[in-house]
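Below are the chains, spelled out letter by letter.
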Amino acid sequence: WNQETCYYIAGYIECGYYQQAIALGKNVEELNEGISVSAEGVTRPQWPRFLAKKKEEFGTVTTHRTSPAVWEGCEGKTKRFIGGYDSFSKVVRQKHKWQ
């Protein structure tokens, strides 16, 4: 069975962990059918307001404030908040058998 999995990565462009999350997501996407990764970056000054908007849009209740912030869920479906880079990396390793 091949279920589509989507990840949305938000962060501020200058953030190294945001860039690492994108790289990890794109690698997993390339090597696994049915995985889609999208990313949206803003400048650091824009980050707090942008993150608050995304939390509201996705119905996320969390105190997470750092970059990146990662959600799982495809367009038009419920988004599940994963966390930052470390949490995303852990999910990818467990769910997609990534090393």
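Details of the structure are given in the entry above.
Description of the structure in this document. Just so it is clear, the model here is predicted, and its values are computed rather than measured.

A word on the packing of helix α1 (residues 16–31) against helix α3 (residues 85–96)
Okay, so step 1: Across the interface, α1 lies against α3 with an axial gap of 10 Å and an inter-helix angle of 15°. Classed by the angle they form, the pair α1 and α3 counts as roughly parallel. In this structure, the crossing between α1 and α3 has a hand that is left-handed. Of the residues in α3, those in contact with Tyr17, Gln20, Ala21, Leu24, Gly25 and Val28 of α1 are Tyr85, Phe88, Ser89, Val92 and His96.
Okay, so step 2: Looking at the contact of α1 with α3, its residues break down into seven nonpolar, four polar and no charged.

Rules of the game
- Residues numbered from 1 in each chain as written.
- Predicted model: local features only at pLDDT ≥ 70, side-chain atom pairs only at ≥ 80, totals over all residues.
- Heavy atoms only, no water.
- Axes fitted to C-alpha atoms, helices over the stretch in contact; angles between N-to-C directions.
- Helix = DSSP H or I, 4+ residues; strand = E, 2+ residues; numbered from the N terminus.
- Parallel < 35°, antiparallel > 145°, perpendicular 65-115°, else oblique.
- Left-handed = near helix turned anticlockwise from the far one by under 90°.
- Contact = heavy atoms within 4.5 Å.
- Nonpolar A, V, L, I, M, F, W, Y, C, P; charged D, E, K, R; others polar.

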